[in-house]
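Chain by chain, the residues run as shown.
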Amino acid sequence: MTETTIKVRESGPYLVRGPLTLTDADGNVYAAAGENVALCRCGGSATKPFCDGSHRSNGFHATERAPVAE
Ligand code: FES
């Protein structure tokens, strides 16, 4: 079984890799999702929920990291 992972890109999108089903609020499936998807988290994409690269020019800045266990 393949694991689906989500990577939070620094000042960029969520990169989803692995089997997934992406739906809108009504449950309709985005056919373009495939198994590698970049989801916008800056709010600036013209193609939401997908990233269109706008984060590079709209001043989006996010550098959070997961807490590291000691
Ligand atoms: S994260 Fe890329 S356009 Fe929003």
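These numbers come from a predicted model, not from an experiment.

Enquirer: Quick question: what am I supposed to make of a positive patch on the surface here?
Expert: A cluster of basic side chains, namely Lys7, Arg9, Arg17 and Arg56, defines a positive patch on the protein surface. Looking at the secondary structure, you find Arg56 in the segment after strand S3 (36-39). Given a relative accessible area of 70%, Arg56 falls into the exposed group.

Enquirer: Before we go on, may I ask you to explain the packing of aromatic side chains in this structure?
Expert: Each aromatic ring pair is summarised here by two numbers: the centre-to-centre distance and the angle between the ring planes. With the rule as written, the count across this model stands at one aromatic pair. Sitting above the plane of the Tyr14 ring, Arg41 keeps its charged end 5.4 Å from the centroid.

Cut-off values and rules
- As a convention, each chain's residues are numbered from 1 in the sequence order in which they are written.
- In view of the model being predicted, local features appear only for residues whose pLDDT reaches at least 70, and side-chain atom pairs are presented and counted only at 80 or more, with totals across whole chains, interfaces and linings using the full set of residues.
- Only heavy atoms go into the side-chain values, all of them from the structure, while hydrogens and water stay out.
- Each patch is built from salt-bridge-free residues with over 30% relative accessible area, joining like charges within 9 Å and nonpolar side chains (Val, Leu, Ile, Met, Phe, Trp, Tyr) within 5 Å.
- For the accessible areas, the method is Shrake-Rupley and the probe is 1.4 Å, while residue cover comes only from the protein chains on display.
- One side-chain nitrogen of Lys or Arg within 4 Å of one carboxyl oxygen of Asp or Glu is enough to make a salt bridge.
- A residue counts as positive if it is Lys or Arg and as negative if it is Asp or Glu; His and the chain ends are not included.
- To locate a charge, take atom NZ for lysine, CZ for arginine, CG for aspartate or CD for glutamate.
- Secondary structure elements follow DSSP: runs of H or I of four or more residues count as helices, runs of E of two or more count as strands, with numbering from the N terminus.
- Think of it in three bands: residues with accessible area under 20% of the maximum for their type are buried, residues over 50% are exposed, and the middle band is partly exposed, with areas taken using a 1.4 Å probe on protein chains only.
- Only the six-membered ring of Trp is used, alongside the rings of Phe and Tyr, when aromatic pairs are assigned; centres must lie within 6.5 Å, and planes under 30 degrees apart are stacked while those over 60 apart are edge-to-face, with the rest tilted.
- By definition, being over a ring means that NZ of Lys or CZ of Arg is both within 6 Å of the ring centre and within 35 degrees of the ring normal.

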